[in-house]
Amino acid sequence: DIGLDLALSDGKGLPMGSSTLFWAKPGCGKTTVVTDACKRLIQSAKNRGERFRVLYLGVEDSRELMSCLGMDEYIKSKDFLYVGRGLRWRFVETFYEAVLNEHKGYEDVKLIVIDSVNNVSSDQGAEKSVADGDFGTKARERYAFYQKFLPLCKEKGISSFFIAQVRRKQNVQNSYEDPNKAAVG
């Protein structure tokens, strides 16, 4: 959290248009760290007399968790737009398009959070993918989404936080060097 504190408190804040991946095992506190960062970014903008809105797309409906994390005030002020339900990539794309085109209700959104990217459902449906022997559908949809939206977000200065879960024990450093060498340990 010290690195995040420095990045958000150096007077410059979050680099606008950036994409950040929060990747760790389930239960490590990724959602807590991200919602804390959201609160700090919203409050910092308010202190400067600006508006900073966050669109938070949660795969599960975790309103109780958001309340426990102290987000009620931000949800009521509409600075933290929380959508919590089963998400499909097409649904996520609809929200990105609303923000990018500044549709009513989505003006001043500067950060979009997806919690968690591994759990966004395939548009084709799991039954069809597995029945066809296609286990890479979600990965291809995620890749197509990133290719389409991340350049547009960067151009418009809208940042993204992606929360992802490590699903098995693996050596992260080695997996970047050669995905076939991911060590199980």
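In case you missed it, the structure is sitting above this.
From a predicted model like this one, the values you see are computed outputs, not experimental measurements.

**Considering the packing of aromatic side chains**
- The full count for this structure, using the stated rule, is ten aromatic pairs.
- Arranged with centres 5.0 Å apart and planes meeting at 70 degrees, the rings of Phe22 and Phe161 form a pair that is edge-to-face. Taken as a pair, Phe22 in strand β1 (residues 19–24) and Phe161 in strand β5 (residues 159–165) lie far apart in primary sequence, 139 residues in all. Each member of the pair, Phe22 as well as Phe161, is classed as buried.
- A ring pair is formed by Phe91 and Phe95, whose centres lie 4.9 Å apart and whose planes are at 90 degrees; its orientation type is edge-to-face.

**As for the pattern of salt bridges**
- Evaluation of the coordinates by the stated rule reveals seven salt bridges.
- Here Asp79 makes a salt bridge to Arg51, at a shortest N to O gap of 2.9 Å. Within this pair, whereas Asp79 is found in the loop between α4 (72–76) and β3 (80–84), its partner Arg51 is found in the loop between α2 (30–47) and β2 (53–58), the two being separated by 28 residues in sequence.
- Using a relative accessible area of 6% as the deciding quantity, one classes Asp79 as buried.
- For Arg51, a relative accessible area of 37% corresponds to the partly exposed category.
- Two residues, Glu107 and Arg53, come together in a salt bridge whose shortest N-O distance is 3.9 Å. Taken together, the residues span a long stretch of sequence, with Glu107 in the loop between α5 (89–100) and β4 (109–115) and Arg53 in strand β2 at a distance of 54 residues.

**Observations regarding the packing of α5 against helix α7 (residues 137–156)**
- Contact geometry of α5 with α7 gives a least axis separation of 11 Å together with a crossing angle of 5 degrees. As judged from the angle between their axes, α5 and α7 are roughly parallel. Every residue of α7 that contacts α5 at Trp89, Val92, Glu93, Tyr96, Glu97 and Leu100 is listed here: Lys138, Glu141, Arg142, Phe145, Lys148, Phe149, Leu152, Cys153 and Lys156.

**Details of the sheet that holds β4**
- Taken in spatial order, the five strands of this open sheet run β1-β5-β4-β2-β3, and their pairing is parallel. Looking at the sheet topology across the chains shown, the edges are occupied by β1 and β3. Each neighbouring strand pair of the sheet contributes to a mean axis angle of 15 degrees, computed without reference to strand direction.
- Where β4 lies against β5, five bridges are found, and the strand directions are parallel. In the strand pairing of β5, Val113 is matched with Phe161.
- Sitting on the sheet, α5 is in contact with β2, β3, β4 and β5, with an inclination near 170 degrees to β4.

The rules behind the values
Residues numbered from 1 in each chain as written. Predicted model: local features only at pLDDT ≥ 70, side-chain atom pairs only at ≥ 80, totals over all residues. Heavy atoms only, no water. Phe/Tyr/Trp six-rings, centres within 6.5 Å; stacked < 30°, edge-to-face > 60°. Helix = DSSP H or I, 4+ residues; strand = E, 2+ residues; numbered from the N terminus. Buried < 20%, exposed > 50% of the residue type's maximum accessible area, 1.4 Å probe, protein only. Salt bridge = Lys/Arg side-chain N within 4 Å of Asp/Glu carboxyl O. Axes fitted to C-alpha atoms, helices over the stretch in contact; angles between N-to-C directions. Parallel < 35°, antiparallel > 145°, perpendicular 65-115°, else oblique. Contact = heavy atoms within 4.5 Å. Pairing = 2+ DSSP bridges.

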